[in-house]
Amino acid sequence: MQTWYFSEQSYHPAWEQVKGDIRINTSSDVVDPAVAHQLLKRYMDEWVVADELGFDIMVNEHHATHTCMSVSCMLTLSILANRTKKARLLALGVPLLNRYDPFRIAEEIAYVDMMSGGRLEVGLVKGTPFELYVSNANPSHSMGRYWEAHDLIEKALTHQSGPFSWEGENFHYRYVNVIPRCFQQPRPPMWLTTLSASTAAEAARRNMVLAITASAPTARGAYPLYRQEYMKIFQKPAGLDKLAFLGYVGIAKDRATGLARGQKVLKFVEATERTSPNFIMPPGIMPPSGAAKMLKAGEVRSHRTRVLPDGTPMSSKPLVGEYIKNSVMFSGTPDDVFNQLKEFYDSVDGFGHFLMQMGGTLTSEETVDSLELFAREVAPRLRELTNGKFVTH
Amino acid sequence: MAATNFSIEKAANVKLEVCRSGNGRPLVFLHPGDGLDCESRFFTELAQEFDVIAPSHPGFGGSDLPDHVTTVDDISYVYLDFLANLNLKQVLLVGVSLGAWIAAEMATKCTHRLAGLVLADSIGAKFGDRHTREIADLFSVPQYRLGELFYYDGHRKEFANQTDGQLERLARNHETFALLAWSPTLHNPKLRRRLGLIDVPTLLLWGGDDKVVSPDYGRQFAAEIHGSRFELIEKAGHYAHEDQTEQFIARLKEFSEQVTGSSVTTSAIL
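Below is a summary of the structure that appears in this document. Please read all numbers here as calculations on a predicted model, not as lab measurements.

A few words now on the interface of chain A and chain B. Contact residues are listed per partner, giving 19 residues for chain A and 20 residues for chain B. Here the side of chain A that touches chain B takes 6 residues from helix H12 (residues 288–297) of chain A, the largest share from any one element. The residue inventory of the side of chain A that touches chain B, partitioned by class, reads 10 nonpolar, 8 polar and 1 charged.

Structural data, given as structure tokens:
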């Protein structure tokens, strides 16, 4: 199994300083430039450490939020392409629904792939629904626009015999011509995240890596659909390298410290909940059947799981113990972390990529210590787990 | 109570669900962004006075939403074809909110089947500068809370007792409303300059306490339409037709009598 280190590059001091919402309609005047500068430098340094320890690297982006200062995967990765040496570099992802210029996305992909010597992997995702309020791209009937942008980027990266024109429903170009082309030929591996069954099957049809983020029930539903569709299309089983899972990690030599670190990581989840219900579900993002349920209930909620596996409602604030029970947090000693991951791995018939999210309010020292411990005592056992079953791209 | 007939009419290659009830002058009613309710008190009372013909816009109610319809401009062409297909003449065209925006766009293109135009609490035009949002953003509020912006007393509509089918219909309406009006926010930047093309008698009816588009916005709308009349309805919000149904319909009757000497029924024309 490959382990990818990920943190959201948050401006976490604001989580204490701001009262109320910290996304979309919060203000930026709480950001102390000196602190933000140091935090961004620190996050880059941690990824460099991760690279030296043998991790691969995942980055993301969000908009108008104190939970994530990265506003562009490709900006972050263009820095890491230079500062790291071996790590694969995963953008998960570039939010296509928020972007008006797919050609520019293709150009940036090719540039970072070339700069990194072919270490890039790319998830072209739909994006967080409430950030459509920031980009102002229309959420209604947007899946057609998403797939058209996706098709256009794939063609732009792989069509290398001069320009082509594109006259689609949503995008129009006279000359699409990406120079330089990618280092990896014809293009970097593509990833997809989803919460829906239909998209899981589409990812299989397109031979993409399917990533499920922080939801064990979704993984249990989506992985079999992916495997089934993959077998149907390609007449062979999907390799474990086609399936990824993102979970949180809190790790230390002793259990109490590990769990305390896990709780600090979950401060991030707590922060993400501080989003006005006005923005959580823009019109048309959910099919009418789902939107009808919200109308009836008279409330909107994020997709976060609210119950434990036995049906007990979860506490209002994220708690490390409950998150461990739900297989989205792996926390404690290195043995605990491995055993929890192994149990979940077995329950879903395996996956090849573990996207390890830390961050939250962990200090730099705690982060580096956690990375070293994981690299030394967990990662080798995870690699062993998939030994012989892992097909590289 | 007049019987209500439901039919499917085809206009500009779009299948439209149409609700028709009552006798008298043909009145084409264009509904606001949350759709058409043929069982509402407003609709029932309107049908006591007029031959009410109320289509659900493309993508609303039981009407289709083909790929070639994505804007209010597109819908205005569909409805001009609709008026022609039904051979409606001397029509009173009445729209509320989104419906008024569509009616205004229709009237900037062709008015020869219209006796008069009534725009109630219309959205759709921009008068202010680029720093000012004049139309309350109906998409920055969850759908179940929209009543707070629509009604004089700010009450929310009751959804808990509605069937899944009814709720899905409302959810689809909202989705289509966003398709049409998400950006630019609830307006067409070109409409203001086109309003001067409207050449039929026009009445603008406005809720005195409209929280979506203020009476001042309504007055600016009226100022762009030659010879139009602007009237306030007191103790009414954005949905003045529901807040003050009797007064709203009385104003329609009065206007209808003014725009021609006598009312003409559809059957008399046919």
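Residue and element names in this part refer to chain A. Direction vectors running N to C along helix H3 (residues 73–83) and helix H4 (residues 102–115) enclose 15°, while the axes themselves pass 9 Å from each other. Considering the angle they form, H3 stands roughly parallel to H4. In this structure, the crossing between H3 and H4 has a hand that is left-handed. Within the contact between the two elements, H3 uses Met74, Leu77, Ser78, Ala81 and Asn82 and H4 uses Glu108, Val112 and Met115. Classifying every residue of the contact of H3 with H4 by side-chain character gives 5 nonpolar, 2 polar and 1 charged.

Residues and elements named next belong to chain B. Taking strand neighbours across the sheet as the criterion, the 8 strands line up as S1-S2-S4-S3-S5-S6-S7-S8 in an open arrangement whose pairing is mixed. Two strands bound the open sheet, and with one partner strand each, they are strand S1 (4–11) and strand S8 (229–233). Each strand axis lies, on average, 25° off the axis of its neighbour in the sheet, ignoring direction. Two strands pair when backbone bridges link them, and strand S2 (residues 14–21) and strand S4 (residues 51–55) are joined in this way by 4 bridges, in the antiparallel orientation. Looking at S4, one finds that valine 18 is bridged to proline 55.

Here we come to the environment of tyrosine 111 of chain A. Take tyrosine 111 of chain A: it is sitting in helix H4. In this structure the C-alpha to C-alpha distance between tyrosine 111 of chain A and aspartate 310 of chain A, which are 199 residues apart in sequence, comes to 48 Å.

Thresholds, definitions, all that
- Residues numbered from 1 in each chain as written.
- Chains lettered and ligands numbered in written order.
- Predicted model: local features only at pLDDT ≥ 70, side-chain atom pairs only at ≥ 80, totals over all residues.
- Contact = placed C-beta atoms within 7 Å.
- Helix = DSSP H or I, 4+ residues; strand = E, 2+ residues; numbered from the N terminus.
- Nonpolar A, V, L, I, M, F, W, Y, C, P; charged D, E, K, R; others polar.
- Axes fitted to C-alpha atoms, helices over the stretch in contact; angles between N-to-C directions.
- Parallel < 35°, antiparallel > 145°, perpendicular 65-115°, else oblique.
- Left-handed = near helix turned anticlockwise from the far one by under 90°.
- Pairing = 2+ DSSP bridges.

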